[in-house]
Each structure stands twice: as C-alpha cells, then as structure tokens.
Amino acid sequence: MKPTILVTGGNGQLGFELARLETAFPQFTFVFTDRTTLNIASKDDVLKAFEQYQPAYFVNCAAYTAVDKAETEREAAASINADAVGIIATYCQQHRTQLIHVSTDYVFNGKGTSPYLPDDPTAPLNYYGQTKWEGEQLALKACSNSIIIRTSWVYSEHGNNFVKTMLRLMGQRPELNVVSDQVGCPTYARDLAAAIMHIITVTHSGETLTQGGIYHYSNSGVISWYDFAVGIRNIAGLSCQVHPIPSSAYPTPAARPSYSVMDLKKIQDVYGVPVVPWENSLKECINRLNASL
Ligand SMILES: NC(=O)c1ccc[n+]([C@@H]2O[C@H](COP(=O)([O-])OP(=O)(O)OC[C@H]3O[C@@H](n4cnc5c(N)ncnc54)[C@H](OP(=O)(O)O)[C@@H]3O)[C@@H](O)[C@H]2O)c1
C-alpha cells in the first residue's frame, strides 16, 4: 500500500501548489482537504481524517492568514493557528504520523540585523504571529518529531497575494507607493511545496533520517517590499512608477517586523532542500500567470 500524504488547506496558495505536484510523486497517495471537508478547528473532523486515511504524513497548510483581521478576530485566529495545531500534533503522535506544519517569519520582532536562525528568540509583534508561535510550541510539545517550516511573504498564481495585487494595481495606475523599510524574502508557494515534497521523499526513502524541529524556508535574497514591487513591474514589463515610502506612511492594524530575513542553512544542511533565488521564481510565476491569460 502506498503511504498517504494528507494535506489540509488544499484551497490555499500552498495547498494548491502541493496538488499541482501530485502527479510527480506517484509513490504516494495524496488526500487534499479544504475547510469544508476537514475543518482543522473541529476535533471530530481531525480525528475522523486520521481514522479514515491513516496518513503517513500530515501536511498542515491550513491557517488563519488574515494578519490584520487577526487583531480583532482573536478567537478564530487562536483556534485555527494554535489550538488546532496542538490537536493535530497529538493525533500525529498517537498514529505515528509525520507532521509537517507551516509557520511564519512573523514569530520574530524584526529588530534583528542578521538572518534569523531557527532557534533565535521569538517575540511576535502582532496577534497572528503570536498564534503561529503558539502553534509551533503546541506541535513540538505534543509531538517532538514535528517538522515546522517557517516561511515568509508567500505568493503564487493562485489566491490573493502581493504579486497579484501589484500586477493589478500597476495595470490600473500610473504610480504606486510601496513600503521600503521592511525587508525580508519572498517565497514562491510552488518552491515551498517542492521543498516539502523533497523532505518527505528523502526521509521516506531512508536517504535522510527524519529530524524534527524548526526549519526556515524562503527564496534567497534580501529585499524590501518596494524592491519586490519594482522587480514585479520590471519582469512584467509594466511602466507604473513605484515610489518608496516608510511604513509610518502606510499604517496597518497589525504591526509588521522591519527585518524578517531568515537563515536557510539548516533546511539545506539537514534535508538538502534546494533554495531558489527570488528573481528566478518571480519570473516563473509571472510567466505562468501570463500563460494562463
Ligand atoms: N501567505 C503568506 O504570506 C505567509 C507568510 C508566512 C507564513 N505563511 C504560512 O504558510 C502557510 C500557508 O499559507 P498560504 O499562503 O497558503 O495561506 P492561504 O492561501 O491563506 O491558505 C490557507 C488555507 O487555510 C484554509 N483554512 C482556514 N481555516 C481553516 C480551517 N479551520 N480548516 C481548514 N482549512 C482552513 C483557508 O480556507 P478558506 O479560504 O476557506 O479560509 C485557506 O484555503 C500558513 O501556515 C501560513 O500561516 C504564509
């Protein structure tokens, strides 16, 4: 029998990209679920999924990702990003299922000056980051072998994200202001999905031993949102003028870290996950978006 990979949040950016990779991994059976078929905040739904599918791998892509709304919708954010992750990890421990859970750079306060290591102290600036941090802790407490992958600035052809918003606005307006004092690194959801499948493949084949804990994954390079917007404009061949502005000129309900660059060495050293420069992935995404027009 082929081992089963159960994916939650199948309609989100990352879940969608994992589904696109399914045919490249015929050695596994994939089960993609969404909020209607597996609400991770429902203990019953989670238990039923473990009993029905007996997954070898549980990839939790489901999350409450509305960063600003989380400031007011605190109960929903905590229940999905923290409590549900603890429950999933408890069942993973009981069923000997390998949990791969996705977290965020927003666990850091952004006051660092060199790339954050997975074990660096955390101090989330906003409630979303706080709930994601709690989810990490609950996962590791319930199942110490959990693999937690923190990522940042996720975009793809699917769903809502910075790249698609910029392309839309740049097509409508002659100029745009974009924050230039927050730096980090974008992550193409397709690359993150490939990184997850890389980890599953090398551990499943026995080529690499599973090592639980916290890992960082993004594309490589360090840029501001302004740099990212300029890159999007140039690759897409648009003429919109982009102006750098400070975060103070663009207030949001949730504070964002000014520096959220993560050190990617651990995931490369332990699992040999390849890291792709951000420009290459952005080109690929924009090409795919253009091809789908
Ligand atoms: N997006 C980013 O920039 C970013 C940055 C850092 C880390 N991350 C992390 O990366 C992971 C993947 O993010 P993403 O960009 O793919 O997010 P996304 O596109 O917002 O997808 C999240 C998915 O989770 C689903 N979901 C929400 N509550 C659920 C529930 N109770 N049960 C089942 N499904 C539920 C959502 O469904 P609905 O559409 O029905 O709500 C959505 O399809 C998340 O853990 C996120 O925290 C994302």
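Nothing here was measured: the structure is a model prediction, and the numbers come from that model.

(A) Local environment of the sheet that holds strand β2 (residues 29–32). If you trace the 6 strands from one edge of the open sheet to the other, you get β2-β1-β3-β4-β5-β10, paired in parallel fashion. The sheet is open, and its two borders are formed by β2 and β10 (213–216), each paired with just one other strand. Averaged over all pairs of adjacent strands, the angle between strand axes in this sheet comes to 20 degrees, irrespective of strand direction. Bridge count between strand β1 (residues 4–8) and strand β3 (residues 57–60): 4 bridges; the pairing is parallel. Paired with L6 across the strands is F58, a residue of β3. The strands touched by helix α1 (residues 13–21) are β1, β2, β3 and β4 (98–104); relative to β2, the strand with the most contacts, the crossing angle is about 150 degrees. Across the face of the sheet, helix α4 (residues 127–142) comes into contact with β4, β5 (147–151) and β10 while running at roughly 160 degrees to β4.

(B) The site of the ligand, seen in detail. The local shell around the ligand holds 24 residues, among which R35, N39, T65, Y128 and K132 are the closest. Taking G12, its main chain carries an N or O atom lying 3.1 Å from an oxygen atom of the ligand. A63 has a polar backbone atom sitting 3.2 Å from an oxygen atom of the ligand. Expressed as a share of its isolated accessible area of 900 Å², the protein-covered part of the ligand is 80%. Residue assignment for the shell around the ligand shows that the elements contributing at least two residues are α1, β4 and α4. Here the shell around the ligand gets 3 residues from one element, more than from any other, and that element is β4. Each residue belonging to the shell around the ligand can be placed in one class, and the counts come to 12 nonpolar, 10 polar and 2 charged.

(C) Summary view of the nonpolar core. Counting residues in each nonpolar core, the largest one holds 30 residues, and the members touching the most others are I40, F58, I88, C92 and L99. Where this core is concerned, the elements lending two or more residues are α2 (43–53), α3 (74–95) and α4. Here this core gets 9 residues from one element, more than from any other, and that element is α3. Contact partners of C92, with chain neighbours within four places excluded, come to F50, F58, T97, L99 and C143. Grouped together as the second largest cluster of nonpolar side chains are 29 residues, I5, V7, I100 and V270 included.

(D) Structural view of α3. Taking 1.5 Å per residue as the helical rise, α3 with its 22 residues ought to reach 32 Å, and the 30 Å between its terminal C-alpha atoms agrees with that figure. Every buried residue belonging to α3 is among A77, A78, I80, N81, A82, A84, V85, G86, I88, A89, Y91 and C92, and all of these are buried. Structurally, α3 contributes buried residues whose contacts are with α2, β3, β4 and α4. R96 lies just past α3 and shows a positive phi near 55 degrees.

(E) A look at the pairing of β1. A large share of β1 lies buried, amounting to 5 of its 5 residues. Side-chain alternation along β1 places T4, L6 and T8 on one buried face and I5 and V7 on a second face that is also buried. Crossover β1 to β2 through α1 is right-handed.

(F) Region of the structure containing the environment of P55. With respect to the element layout, P55 can be found in the loop between α2 and β3. For P55, a relative accessible area of 3% corresponds to the buried category. Sequence-distant contacts of P55, that is, excluding residues within four places in its chain, are made with T4, L6, A49, F50 and T97.

(G) Up close: the side chain of T4. One can find T4 in strand β1. Of the residues examined, T4 reaches a relative accessible area of 11% and is grouped as buried.

(H) View of unusual backbone geometry. One non-glycine residue, R96, adopts positive backbone phi at about 55 degrees. Its location among the elements puts R96 in the loop between α3 and β4. Positioned with a positive phi, W153 is a non-glycine residue whose angle comes to about 45 degrees. Considering the arrangement of structural elements, one finds W153 in the loop between β5 and β6 (154–155).

Conventions adopted
- Residues numbered from 1 in each chain as written.
- Predicted model: local features only at pLDDT ≥ 70, side-chain atom pairs only at ≥ 80, totals over all residues.
- Heavy atoms only, no water.
- Pairing = 2+ DSSP bridges.
- Helix = DSSP H or I, 4+ residues; strand = E, 2+ residues; numbered from the N terminus.
- Axes fitted to C-alpha atoms, helices over the stretch in contact; angles between N-to-C directions.
- Contact = heavy atoms within 4.5 Å.
- Near = heavy atom within 4 Å.
- Polar contact = N/O pair within 3.5 Å; in protein donor to acceptor, adjacent residues only side chain to side chain.
- Areas by Shrake-Rupley, 256 points an atom, 1.4 Å probe, with all protein chains shown as cover.
- Nonpolar A, V, L, I, M, F, W, Y, C, P; charged D, E, K, R; others polar.
- Core = buried A, V, L, I, M, F, W, Y, C linked by side-chain atoms within 4.5 Å.
- Buried < 20%, exposed > 50% of the residue type's maximum accessible area, 1.4 Å probe, protein only.
- Expected span 1.5 Å × (residues − 1).
- Right-handed = clockwise from strand over helix to strand, strands pointing away.

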